[in-house]
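Understanding the architecture of this molecule
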Amino acid sequence: YWPPSVHFGKMASGQAILSRFPVINSQRKVLSGPESAPFYYRAFYLDRLIQQVELDIEGSRLIVLNVHLEAFDQQTRETQAREVLSMVDQYVDRYPLILIGDFNARPPFASQLNSGEKTISMFLEHPALASAIDETHYLENEKQHFTFDTTNPVEKLDYIFYTRATITPIEVATVSQAGEISDHYPVYMSFKILSN
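Structure report, in brief. (Residues numbered from 1 in each chain as written. Predicted model: local features only at pLDDT ≥ 70, side-chain atom pairs only at ≥ 80, totals over all residues. Heavy atoms only, no water.)

1. Let's talk about the pattern of salt bridges
Following the criterion strictly, the structure yields four salt bridges and no others. Between glutamate 54 and arginine 61 there is a salt bridge, with its nearest N and O atoms 3.2 Å apart. Exposure remark for glutamate 54: the relative accessible area of 13% places this residue in the buried category. For arginine 61, a relative accessible area of 30% corresponds to the partly exposed category. Linking arginine 77 and glutamate 117 is a salt bridge whose minimum nitrogen-to-oxygen distance equals 2.8 Å. In this pair, arginine 77 sits in helix H2 (residues 74–91) while glutamate 117 sits in the loop between strand S4 (97–102) and helix H3 (119–124), placing the two residues 40 residues apart along the sequence. Taken individually, arginine 77 and glutamate 117 each receive the classification buried, so the pair is uniform in this respect. (Salt bridge = Lys/Arg side-chain N within 4 Å of Asp/Glu carboxyl O. Buried < 20%, exposed > 50% of the residue type's maximum accessible area, 1.4 Å probe, protein only. Helix = DSSP H or I, 4+ residues; strand = E, 2+ residues; numbered from the N terminus.)

In structure tokens, the structure reads:
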């Protein structure tokens with residue numbers, strides 16, 4: 001919030017899914033905004049989104065959900081997480097699914113927690129989903145998995161979740177070699193689709 005001068009001027013923000021596989025369907029859904037924020041905050045609010053893409057991978061369908069959740073208001077972020085889970089539930093019994101993006105919340109097993117934060121726990125507790133970088137992998141070297149910010153990484157805010165019944169991860173990593181192409185480091189996962 002401080003200094004106010006950083007809130008004016010050009011804002012570079014966006015999210016995209018790049019694929020070498022054919023895109024069958026692509027939709028964008030704006031998530032709920034902060035209801036308790038003052039009017040001037042809402043007037044300049046950066047919409048938070050779910051980008052939903054259906055890919056044809058050699059005859060198989062893969063659903064990719066790319067999210068960017070609220071950064072500053074925990075209640076709004078948790079509301080948005082429930083909206084994302086509602087979309088996840090539309091697909092998990094029918095298709096392999098990957099859920100990726102900037103969740104703006106630390107994992108519940110991080111050494112420095114946001115008090116009472118439930119956002120990531122909602123995804124970890126979903127019976128159909130698993131995290132590419134699970135608790136064991138994360139705790140082996142917590143700092144190695146920090147994704148924000150790229151000038152001095154201090155926390156993990158970015159995740160890949162996948163349907164455990166239909167996708168097997170092969171390799172996962174936080175890609176700090178990406179440098180400062182963004183203020184967040186990307187999370188990487190190569191995987192195999194088990195069935196469709």
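2. Some thoughts on the packing of aromatic side chains
Inspection of the entire model under this criterion finds six aromatic pairs. On the basis of an interplanar angle of 75° and a centroid distance of 5.2 Å, the ring pair of phenylalanine 103 and phenylalanine 123 is categorised as edge-to-face. Of the two residues, phenylalanine 103 is situated in the loop between S4 and H3 and phenylalanine 123 in helix H3; the sequence distance between them amounts to 20 residues. Taken as a pair, phenylalanine 103 and phenylalanine 123 share a single burial class, namely buried. (Phe/Tyr/Trp six-rings, centres within 6.5 Å; stacked < 30°, edge-to-face > 60°.)

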